[in-house]
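What follows is each chain in one-letter form.
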Amino acid sequence: MSQAVSTGGGPVSKVQLRVECTGLKKKDEFSKSDPCAVLYMYPRGSHSWLEIGRTEHIKNCHDPKFVTPFTVEYFFEEIQKVKIEVYDLDNHTSKLTDDDFLGKIECNLAQIVSRNPFSSALQKRDGKPVGGSLIYVRSEEVREGGEMVYLHIGATKVDNKDFMGKSDPFLEISRQASDGSWQVVHRTEVCKDTLNPVWRPFNMAVHTLCAGNKQQEVQFCCSDHDSDGSHDLIGSFTTTIAQLEQAAVEGKEVQFPFINPKKKYKKDKKNSGVAHMTNIRFFRQPNFLEFIYGGMQINFTVGVDFTGSNGDPREANSLHFIASDIYPNQYMQAIHAVGSVCQEYDTDKLFPALGFGAKLPDGSISMEFALNFNPSNPYCAGINGVIEAYKNAIQNVTLWGPTNVAPIIYHVARFAEVAQKEEATKGAHAYYVLLLLTDGIITDMDQTRDAIVYASGLPMSLIIVGVGEADFSDMNFLDGDGGVLKGANGRPAERDIVQFVPFRDFLSPAVGGAELARQVLAEVPQQVVKYYTMRSMNPNRQPT
């Protein structure tokens with residue numbers, strides 16, 4: 001197994017966990033569950049559960065095969081407690097307390113890794129089994145970088161499964177597991193009301209598709225999507241990565257007939273449609289460290305919410321109240337935790353720090369002002385400089401509103417756009433990370449969505465930390481983990497660039513700032529790699 005060095009113990013590997021369930025029970029017997037699986041683990045040195053991640057939300061399904069995997073660090077020498085809970089999601093809030101609990105398992109990560117697949121009966125909260133409900137967890141080592149395949153797939157003349165209108169086809173791609181079952185590793189979007197669908201192109205790791213065996217069969221299933229979850233199989237076919245690789249070498253389109261095993265075909269119709277792989281390309285994807293070694297800089301910017309909903313900074317119950325340097329408020333803690341990591345990837349250690357939603361000393365209301373009040377040079381020396389500028393600003397502005405965050409996103413995006421234009425001569429040299437700290441509901445949501453969609457095509461990531469006890473359900477919507485984020489005009493994001501966490505999950509001393517930084521920065525390396533892959537760019541050569 002590949003290994004990485006961990007400062008907290010022995011060698012560490014990353015493993016990916018994929019979850020399936022069967023026989024989920026819903027309290028409402030007249031409809032199916034809308035399940036989502038949630039992973040919890042104990043952070044090192046802690047004795048309380050911390051949410052690590054959630055799968056996608058599948059509607060109307062008692063036997064879900066979740067595509068979204070969990071990626072966790074695996075320490076051979078440690079007992080790593082794992083809890084997976086399954087919920088029936090009935091609303092759009094981020095909290096789970098108002099959703100139906102369908103069952104859980106508690107075990108050690110070593111049990112999951114050593115028994116592949118790991119299977120168990122789901123349990124009620126009191127530990128008693130939920131009759132007939134089972135969970136399966138498959139694990140595999142994560143291999144960063146490596147060989148990738150780009151696929152652009154369409155189909156013609158697929159069977160019409162709807163009485164009114166046409167089929168709504170989608171694809172599921174599965175690989176064969178060691179026990180002979182098919183494990184879904186990718187699910188496309190649904191193409192509405194068409195018998196000639198063309199799905200968005202996508203990249204996948206070859207290892208994910210075939211676990212290193214290019215002769216192993218890969219299954220492509222086309223189904224007609226139904227809102228009640230009773231999707232109708234149109235047809236399927238199998239191929240191998242070796243066959244696709246040969247087609248890529250020859251540079252030609254490959255066609256595969258969809259066959260439905262339950263259908264008896266007449267002489268004039270021998271299939272249920274034909275899949276067309278119009279573009280197949282294999283390439284090697286570099287990993288994040290190769291970009292760092294090639295000289296890429298992480299440019300870190302902080303954006304702070306100075307709206308009135310934070311409370312009067314002179315009052316102890318204000319989120320901006322500063323008792324002393326010994327007792328920093330949540331804003332200061334978050335800036336220090338995340339910034340301390342990011343600053344190590346920036347050679348000059350100069351960071352722009354901006355605020356929004358305040359009335360400035362001159363009486364103007366600003367959604368984009370420099371914390372040091374120097375708009376021509378908003379840079380602060382190191383993270384401590386950012387914190388000092390913040391402390392000075394909170395004493396000289398009046399908290400106001402509204403909570404408009406799009407201006408700051410566009411501010412950083414303008415610099416990212418310049419860096420993108422310079423890539424023609426400088427290569428993969430600069431990537432921008434905006435840490436946005438806010439206490440509540442965004443008031444310019446449509447403009448924010450448009451700003452994020454715009455930034456998704458640039459070398460930029462957005463980290464949002466929710467401060468306080470507000471309802472942050474809109475932030476989870478921006479995160480895009482439940483699907484592709486779209487702008488107000490319907491334009492989809494080119495990639496997922498947003499990571500959101502509520503700071504309240506990290507207030508316990510047993511969890512702390514280091515875990516906050518790990519959570520919010522975990523996706524940045526992958527986002528960097530996806531951006532440069534999208535741009536077909538390799539790392540710059542390492543300086544000699």
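What counts, and where the lines are drawn
Residues numbered from 1 in each chain as written. Predicted model: local features only at pLDDT ≥ 70, side-chain atom pairs only at ≥ 80, totals over all residues. Heavy atoms only, no water. Helix = DSSP H or I, 4+ residues; strand = E, 2+ residues; numbered from the N terminus. Rg over C-alpha atoms; globule rule 2.2 N^0.38 Å. Buried < 20%, exposed > 50% of the residue type's maximum accessible area, 1.4 Å probe, protein only. Axes fitted to C-alpha atoms, helices over the stretch in contact; angles between N-to-C directions. Parallel < 35°, antiparallel > 145°, perpendicular 65-115°, else oblique. Left-handed = near helix turned anticlockwise from the far one by under 90°. Contact = heavy atoms within 4.5 Å. Nonpolar A, V, L, I, M, F, W, Y, C, P; charged D, E, K, R; others polar. Core = buried A, V, L, I, M, F, W, Y, C linked by side-chain atoms within 4.5 Å. Pairing = 2+ DSSP bridges. Phe/Tyr/Trp six-rings, centres within 6.5 Å; stacked < 30°, edge-to-face > 60°. Salt bridge = Lys/Arg side-chain N within 4 Å of Asp/Glu carboxyl O. Arc of directions from axis to C-beta.

*Asks:* How should the overall build of the chain be read in this particular structure?
*Replies:* Scanning the chain from terminus to terminus reveals 11 helices and 26 strands. Relative to its length of 544 residues, the chain is compact, with a C-alpha radius of gyration of 25 Å against a globular reference of 24 Å. Dimensions of the chain, computed from C-alpha atoms along their principal axes, come out at roughly 80 × 60 × 55 Å. For the chain, the proportion of its 544 residues judged to be buried stands at 51%.

*Asks:* Would you take a moment to explain the packing of helix 7 (residues 406-426) against helix 8 (residues 445-455) for this structure?
*Replies:* Angle between the axes and distance between the axes are the two parameters that describe a pair of packed helices. As a packed pair, helix 7 and helix 8 sit with axes 9 Å apart at the nearest point and diverge in direction by 15 degrees. With respect to each other, helix 7 and helix 8 are oriented roughly parallel. Both helix 7 and helix 8 take part in a crossing whose hand is left-handed. Here Ala 406, Ile 409, Tyr 410, Ala 413 and Glu 417 of helix 7 lie close against helix 8, whose contacting residues are Gln 447, Thr 448, Asp 450, Ala 451, Ile 452 and Tyr 454. Across the contact of helix 7 with helix 8, the residue classes tally to seven nonpolar, two polar and two charged.

*Asks:* Help me understand the nonpolar core, please; the structure alone is not making it clear to me.
*Replies:* A general feature of soluble globular proteins is that nonpolar side chains tend to end up buried together. Counting 54 residues, the largest nonpolar core has Phe 306 and Leu 437 as its most contacted members. Not counting residues within four places of it along the chain, the set of residues in contact with Leu 437 comprises Val 302, Gly 303, Val 304, Asp 305, Tyr 331, Ala 334, Ile 335, Phe 356, Val 465 and Val 467.

*Asks:* I would appreciate a short explanation of the pairing of strand 4 (residues 70-74) in the present structure.
*Replies:* It is a general feature of regular strands that their side chains alternate between the two faces of the sheet. What you see with strand 4 is a clean split: Phe 70, Val 72 and Tyr 74 sit on the buried side and Thr 71 and Glu 73 on the side with no burial. Examined bridge by bridge, strand 1 (residues 13-22) and strand 4 share five bridges and lie antiparallel to one another. By the bridge assignment for strand 4, Val 15 is matched with Val 72.

*Asks:* Is there a simple way to explain the environment of His 92 in this structure?
*Replies:* If you trace the backbone, His 92 turns up in the loop between strand 5 (81-88) and strand 6 (100-108). Once the C-alpha coordinates of His 92 and Lys 530 are considered, the two residues, 438 residues apart in sequence, prove to be 28 Å apart.

*Asks:* Before we go on, may I ask you to explain the sheet that holds strand 14 (residues 232-240) in this structure?
*Replies:* Across a sheet, paired strands are connected by hydrogen bonds in the backbone, their directions being either parallel or antiparallel. Pairing is antiparallel across the open sheet formed by four strands, whose spatial order is 11-10-13-14. Bordering the open sheet on either side are strand 11 (182-187) and strand 14, each of which pairs with just one other strand. With direction set aside, neighbouring strand axes in the sheet form an average angle of 30 degrees. Where strand 13 (residues 217-224) and strand 14 come together, eight bridges link them in antiparallel fashion. Opposite Cys 222, over in strand 14, you have Gly 235 as the bridge partner. Together, strand 13 and strand 14 form the strand contacts of helix 3 (residues 241-250), whose direction differs from that of strand 14 by roughly 75 degrees.

*Asks:* Help me understand the packing of aromatic side chains, please; the structure alone is not making it clear to me.
*Replies:* In this description, an aromatic ring pair is defined by two values, namely the gap between the centres and the angle between the planes. For the structure on display, the rule yields 16 aromatic pairs. Ring geometry for Tyr 42 and Trp 49: centres 4.5 Å apart, planes at 40 degrees, overall tilted. The exposure class assigned to Tyr 42 is partly exposed, which follows from its relative accessible area of 26%. Ring geometry for Phe 300 versus Phe 351: centroids 5.8 Å apart, planes at 80 degrees, classification edge-to-face.

*Asks:* Please explain the pattern of salt bridges as it appears in this structure.
*Replies:* Going through the model one piece at a time under the given rule, you end up with 22 salt bridges. Notably, a salt bridge pairs Glu 147 with Lys 214, separated by 3.0 Å at the nearest N-O pair. In this pair, Glu 147 is assigned in strand 9 (residues 146-156) and Lys 214 in the loop between helix 2 (206-210) and strand 13, connecting sequence segments 67 residues apart. Via salt bridges that share partners, Glu 56, Glu 172 and Arg 187 belong to a single interconnected network.

*Asks:* Where do I start with the side chain of Gln 183 in this structure?
*Replies:* Take Gln 183: it is sitting in strand 11. With sequence-adjacent residues up to four places away left out, Gln 183 is seen in contact with Arg 18, Glu 20, Arg 138, Ile 173, Ser 174, Arg 175 and Ala 177.

*Asks:* Would you mind showing me how to read the side chain of Gln 527 here?
*Replies:* Tracing the sequence through the fold places Gln 527 in helix 11 (residues 524-534). Of the residues examined, Gln 527 reaches a relative accessible area of 5% and is grouped as buried. Beyond its immediate sequence surroundings of up to four residues, Gln 527 is in contact with Tyr 431, Ser 461, Arg 495, Asp 496, Ile 497 and Val 498.

*Asks:* So what exactly am I meant to see when it comes to helix 3 here?
*Replies:* For the α-helix, the turn length of 3.6 residues means that residues three or four positions removed from each other point alike. Of the residues making up helix 3, those classed as buried are Ile 241, Leu 244 and Ala 247. Considered in projection along helix 3, the buried side chains sweep an arc of 120 degrees and stay on one side of the axis. The inward-facing, buried residues of helix 3 abut strand 9, helix 2, strand 13, strand 14, strand 15 (254-257) and strand 16 (274-285). Phi turns positive one or two residues past the end of helix 3, at Gly 251, with a value near 65 degrees.

*Asks:* Can you help me understand the environment of Leu 39 in this one?
*Replies:* With respect to the element layout, Leu 39 can be found in strand 2 (residues 35-41). Each C-alpha atom, one on Leu 39 and one on Gln 395, is 42 Å from the other, the two residues being 356 residues apart in sequence. Beyond its immediate stretch of four places on either side in the chain, Leu 39 contacts Leu 50, Glu 51, Ile 52, Gly 53, Phe 70, Val 72, Val 82, Lys 83 and Ile 84.

*Asks:* Could you clarify how one ought to interpret the packing of helix 5 (residues 330-342) against helix 6 (residues 382-394) in this entry?
*Replies:* For the pair helix 5 and helix 6, interaxial distance at closest approach is 9 Å and the crossing angle is 160 degrees. The angle between the axes of helix 5 and helix 6 places the two elements in the roughly antiparallel class. For the pair helix 5 and helix 6, the sense of crossing is right-handed. Contacts between helix 5 and helix 6 involve Tyr 331, Met 332, Ile 335, His 336, Gly 339 and Ser 340 on the former and, on the latter, Ile 383, Asn 384, Val 386, Ile 387, Tyr 390 and Lys 391. Class assignment of the residues belonging to the contact of helix 5 with helix 6 gives a composition of seven nonpolar, four polar and one charged.

Interpretation in functional terms is not warranted from these geometric data alone.
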